[in-house]
Amino acid sequence: MHDRPVERRIHDFGEVDTGITPEEAMAESGRCLQCKKPLCVKGCPVGIDIPTFLREVAAGNFKKAAVIIKEQNMLPAICGRVCPQEEQCEGECILGKKEEPIPIGELERFVADQEREHGMVLPRKKPTTGRRVAVVGAGPAGLTAAAELARMGYHVTLFESLHAAGGVLMYGIPAFRLPKQIVKAEIDAVLLLGVDLKLNHLAGRSVTIKELLDYDAVFLGTGAGLPYFMGLPGENLPGVYSANEFLARVNLMHADRFPVFDTPVKRGSRVVVAGGGNVAMDAARVALRLGGKVTLVYRRREEDLPARAAEVARAKEEGIEFVSCANPVRILGDQAVTGVECVKMEMCALDSSGRPEPAPIEGSRFTIDADIFIAAIGQGPNPLLISLLPELKRGKRGNVIVDEEFRTSMRKVYAGGDVATGAATVILAMGAAKSAAHAIDRMLREE
Ligand code: FAD
Ligand code: SF4
């Protein structure tokens with residue numbers, strides 16, 4: 001990885017990792033053993049033919065490599081940047097047992113960047129079937145389902161409630177990790193497959209349920225955008241944000257450029273972020289770039305942080321202060337936030353997730369000065385549309401229940417991504433959407 005120097009990158013939203021050179025890409029790909037039974041492919045939720053694309057990169061055939069990747073994944077520049085490859089393809093790479101695994105994510109990103117600069121390639125497409133499918137939500141799940149169905153010859157209408165497609169890729173993940181022009185270019189390629197994108201269309205309101213169910217099949221990819229709060233005293237004070245709101249205002253509505261754009265966000269001089277996942281890291285690093293001194297409070301130990309290790313390391317390099325084994329208990333302030341009272345936590349017996357359960361230590365309260373508090377403790381499925389479909393079976397956390405074919409309890413209605421799993425990852429959403437698209441195709445053919 002080639003990261004921009006800390007002292008420069010913390011003042012702007014430019015990409016942190018500048019990527020690898022063609023020479024480095026060819027040398028790294030050349031280390032691939034071209035395994036007969038490649039474990040890396042098993043670790044890829046969308047099944048990219050990794051050894052073949054690496055062989056082409058090693059030979060300098062970057063365009064051919066892009067064609068191979070695009071057969072399985074329409075969003076490679078995005079996945080190359082944000083997927084947790086260390087737990088997937090790279091985590092499985094046989095070379096990792098003795099030396100460094102192949103940096104498959106960096107290479108996927110390299111190939112996709114080359115493709116974008118030298119002319120996008122489109123995967124093969126079948127003739128039209130004359131059937132219509134509605135896809136709701138233009139995040140990674142909806143975009144993947146739409147692309148896959150369009151390639152199989154379906155007329156796809158993709159409904160998105162916001163004024164821009166991309167879901168979390170646009171409004172959640174900050175530009176310094178995922179530049180927005182790159183997201184836009186990959187969405188444009190999906191649209192070139194013939195997908196009919198309808199922005200500002202809120203399914204359940206401006207698109208009625210009847211209109212949706214008139215399609216031959218429906219795929220729900222409405223994501224998990226409903227933020228959880230901690231239920232703390234003082235949570236209604238001005239200066240308290242959910243990470244979702246804070247990030248959406250900056251990433252999608254350019255609050256960092258207020259008043260040029262008219263969505264303000266308070267720039268804190270002392271910011272406390274609660275949480276330890278990717279969302280918490282992103283919120284903390286955005287607040288830092290807006291000029292704040294940022295403290296991240298996490299209730300477990302540092303080694304339990306669920307965020308990607310590379311992003312934790314970058315957050316630390318950039319100057320985010322980590323306070324682990326601590327939990328906010330009260331937001332202080334009268335008219336606005338002035339501080340966050342926290343309690344220290346001790347680790348007890350393992351919980352159902354296999355991690356030690358944190359418990360507060362009596363008499364250990366302490367205060368951190370703050371004028372902004374950001375809760376990044378998780379989010380649940382967007383409730384609007386699914387609550388209008390009472391026949392849709394839902395789990396305890398409001399997630400849509402699907403079977404192994406991604407069928408919901410409603411006939412011809414499928415679902416995948418965060419709306420079914422709860423907050424997860426881009427590639428898991430894409431893998432689910434791809435399988436659901438093929439299940440829809442089988443169902444419509446059997447009809
Ligand atoms: P979403 O991306 O949430 O997309 C759902 C879309 O549906 C949205 O555009 C929404 O506007 C639209 N929608 C909702 N309801 C309706 C309706 N009624 N009508 C029309 N449209 C509707 N994952 C990683 O793999 N790596 C990371 O580094 C990473 N970082 C993250 C950082 C942040 C800040 C966040 C919030 C998440 C991160 N994730 C990361 C998780 C990942 O982004 C999600 O798992 C993924 O985006 C889920 O995709 P999705 O398509 O299911 O949902
Ligand atoms: Fe190459 Fe590693 Fe995959 Fe083997 S497991 S084919 S070495 S990337």
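Everything discussed here concerns the structure shown above.
Because the structure is a prediction, the values reported are computed rather than measured. (Residues numbered from 1 in each chain as written. Chains lettered and ligands numbered in written order. Predicted model: local features only at pLDDT ≥ 70, side-chain atom pairs only at ≥ 80, totals over all residues. Heavy atoms only, no water.)

The next point concerns the packing of helix α2 (residues 22-30) against helix α4 (residues 50-58). α4 packs onto α2 with a crossing angle of 130 degrees between their chain directions and a minimal axis gap of 8 Å. Viewed along their axes, α2 and α4 adopt a mutual orientation that is oblique. Note that α2 runs across α4; the crossing there is left-handed. Taken together, the residues of α4 that come into contact with α2 (itself represented by Ala25, Met26, Ser29 and Gly30) are Leu54, Val57 and Ala58. (Axes fitted to C-alpha atoms, helices over the stretch in contact; angles between N-to-C directions. Helix = DSSP H or I, 4+ residues; strand = E, 2+ residues; numbered from the N terminus. Parallel < 35°, antiparallel > 145°, perpendicular 65-115°, else oblique. Left-handed = near helix turned anticlockwise from the far one by under 90°. Contact = heavy atoms within 4.5 Å.)

Ile50, Phe53, Leu149 and Phe219 are the most contacted members of the largest nonpolar core, which has 76 residues in total. It is helix α18 (residues 426-446) that contributes the most residues to this core, 12 residues altogether. Each of domain 1 (6-118) and domain 2 (132-225 + 381-446) accounts for three or more of the residues forming this core. Leaving out residues up to four positions away in the same chain, Phe219 has contacts with Ala134, Val135, Val136, Ala141, Gly142, Ala145, Tyr414, Ala415, Gly416, Ala433, Ala436 and Ile440. Of all hydrophobic cores here, the second largest spans 32 residues; its members include Leu247, Val273, Met281 and Leu305. (Core = buried A, V, L, I, M, F, W, Y, C linked by side-chain atoms within 4.5 Å. Buried < 20%, exposed > 50% of the residue type's maximum accessible area, 1.4 Å probe, protein only. Domains from an automatic or database assignment.)

This paragraph deals with the site of ligand 2. Close to ligand 2 lie Cys32, Leu33, Cys35, Pro38, Cys40, Pro51, Leu54, Cys93, Ile94 and Ile102, which account for all nearby residues. Considered class by class, the residues forming the shell around ligand 2 number 10 nonpolar, no polar and no charged. (Near = heavy atom within 4 Å. Nonpolar A, V, L, I, M, F, W, Y, C, P; charged D, E, K, R; others polar.)

Before going further, it helps to spend a moment on the pattern of salt bridges. All chains considered together, the criterion is met by 40 salt bridges. The partner of Arg9 in a salt bridge is Glu318, and the shortest N-O contact between them spans 2.7 Å. Note that Arg9 is positioned in helix α1 (residues 6-9) and Glu318 in helix α15 (residues 309-318), a separation of 309 residues in sequence. Of the residues examined, Arg9 reaches a relative accessible area of 1% and is grouped as buried. The exposure class assigned to Glu318 is buried, which follows from its relative accessible area of 4%. Its salt-bridge partner being Lys316, residue Glu302 comes within 2.0 Å of it at the nearest N-O pair. With Glu302 in the loop between β8 (293-297) and α15 and Lys316 in helix α15, the pair connects residues that are 14 residues apart, well separated along the chain. We classify Lys316 as partly exposed; its relative accessible area is 36%. (Salt bridge = Lys/Arg side-chain N within 4 Å of Asp/Glu carboxyl O.)

Another point: the site of ligand 1. Around ligand 1 lies a shell of 37 residues, among which Val82, Ala141, Glu160, Arg177 and Ala203 are the nearest. A distance of 3.1 Å separates a nitrogen atom of ligand 1 from a polar atom in the backbone of Ser161. Here ligand 1 loses 96% of its free accessible area of 1000 Å² to cover by the protein chains. For the shell around ligand 1, the elements supplying multiple residues, two or more each, are α9 (140-151), α10 (168-171), α14 (278-289) and α18. (Polar contact = N/O pair within 3.5 Å; in protein donor to acceptor, adjacent residues only side chain to side chain. Areas by Shrake-Rupley, 256 points an atom, 1.4 Å probe, with all protein chains shown as cover.)

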